[in-house]
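Below, each chain spelled out in residue letters.
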Amino acid sequence: MSIDHHIDFRYAEDNTEILIPPSGTLETFGNTLLRYTLISESMDDVDTCHIRTGRMKLQRPQIITPSSVSSFVAEGFSPEARAFLQHIIETEKDIRILRYGYTLSRETFSEDEVRRPVKEVLEDATKEIRGQHDPYHALVHGIDDPWDMSLVPLFRTIVLSSVSKNLYEMTQQNLFETKRNGLTLDVRQEIESAFSAAMKDSSLIQPLGKLLQKYNVFEVYEERFFSLINRTRR
């Protein structure tokens, strides 16, 4: 008998186990790709399992600013709740609220059905994934329908393990100052994200320079910009 549409969050929470959590943390100024293997028992066939593999694209954490509050909490919150949250962000100078999110990459998704006891399938998957030594490959034992609800606890796990580092690195870059060097917080986040991308792909250094010129802050970031160029030449 398949699970009906009245399934709730508690069911997914109680029947999801992160067997191999990611040991890596979320990047502060860029997106993170997390691989998952999700194994679930069929609700219709005994000793039949579904193995689903794919990738989650975890978006870079963003500081929720007064200007972005309305769009962030619009769904499911009353106007009074939105106003209250905006009041808190505007008045509490030391508050640190980060927004996290993810999307599932459909192009990398695969699903297989195997007729074996779930214990054996989980044991084999555990050995295989541990042998890869990939800090961004997680193993989840979850529900079969709707299976993607079991990815929410995985998302929460990596966020909770990353938030302290993300907050520290953002603080180091003075991102929690409302305005600095004439730049708003949103623009500084955009620049930090561009630096992060350019560190991984040297072809993005030139667009980074144009971005700094666009906001008329090239001199502010000049030393860091040329340090990045020298690093890519080594």
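For the structure itself, consult the block above.
S.K.: Could you clarify how one ought to interpret the sheet that holds strand β2 (residues 32-41) in this entry?
M.R.: Within a sheet, each strand pairs with its neighbour through backbone hydrogen bonds, oriented either parallel or antiparallel. Reading across the sheet, the 5 strands line up as β1-β7-β2-β3-β6 and stay open at both edges, with mixed pairing between neighbours. The open sheet has two edge strands, β1 (17-20) and β6 (102-114), and neither has a second partner. Pairwise comparison of adjacent strand axes, ignoring direction, gives a mean angle of 25 degrees for this sheet. Pairing analysis gives 9 bridges linking strand β3 (residues 49-58) to β6, with the strands arranged antiparallel. Paired with His50 across the bridge in β6 is Glu113. Against the sheet, helix α4 (residues 118-132) engages β1, β2, β3, β6 and β7 (137-142), with an angle of about 170 degrees to β7.

S.K.: Is there a simple way to explain the nonpolar core in this structure?
M.R.: Across soluble globular proteins, nonpolar side chains have a tendency to be buried as a group. Core analysis: the largest hydrophobic core is formed by 22 residues, its most contacted members being Tyr36, Met56, Ile63, Leu151, Leu154 and Met170. Where this core is concerned, the elements lending two or more residues are β2, β3, β7 and α5 (151-172). The greatest single-element share of this core, amounting to 6 residues, is contributed by α5. If we ignore the near neighbours within four places in the chain, the residues touching Tyr36 are Arg52, Thr53, Gly54, Arg55, Met56, Leu104, Phe109, His137, Ala138, Trp147, Leu151 and Leu154. Ile191, Ala198, Ile205 and Leu211 belong to the second largest nonpolar core, which has 15 residues in total.

S.K.: I tried to follow the pattern of salt bridges on my own but got confused; where do I start?
M.R.: Any two side chains of opposite charge can pair, on the condition that their charged atoms come close. Across all of its chains, the model carries 8 salt bridges by this definition. Between Asp144 and Arg52 there is a salt bridge whose closest N-O contact spans 3.1 Å. Of this pair, Asp144 sits in the loop between β7 and α5 while Arg52 sits in strand β3, and the two are 92 residues apart along the sequence. One exposure class covers both Asp144 and Arg52, and it is buried. Glu192 is the salt-bridge partner of Arg224, the closest N and O atoms lying 2.7 Å from each other.

Criteria and thresholds
- Residues numbered from 1 in each chain as written.
- Predicted model: local features only at pLDDT ≥ 70, side-chain atom pairs only at ≥ 80, totals over all residues.
- Heavy atoms only, no water.
- Pairing = 2+ DSSP bridges.
- Helix = DSSP H or I, 4+ residues; strand = E, 2+ residues; numbered from the N terminus.
- Axes fitted to C-alpha atoms, helices over the stretch in contact; angles between N-to-C directions.
- Contact = heavy atoms within 4.5 Å.
- Core = buried A, V, L, I, M, F, W, Y, C linked by side-chain atoms within 4.5 Å.
- Buried < 20%, exposed > 50% of the residue type's maximum accessible area, 1.4 Å probe, protein only.
- Salt bridge = Lys/Arg side-chain N within 4 Å of Asp/Glu carboxyl O.

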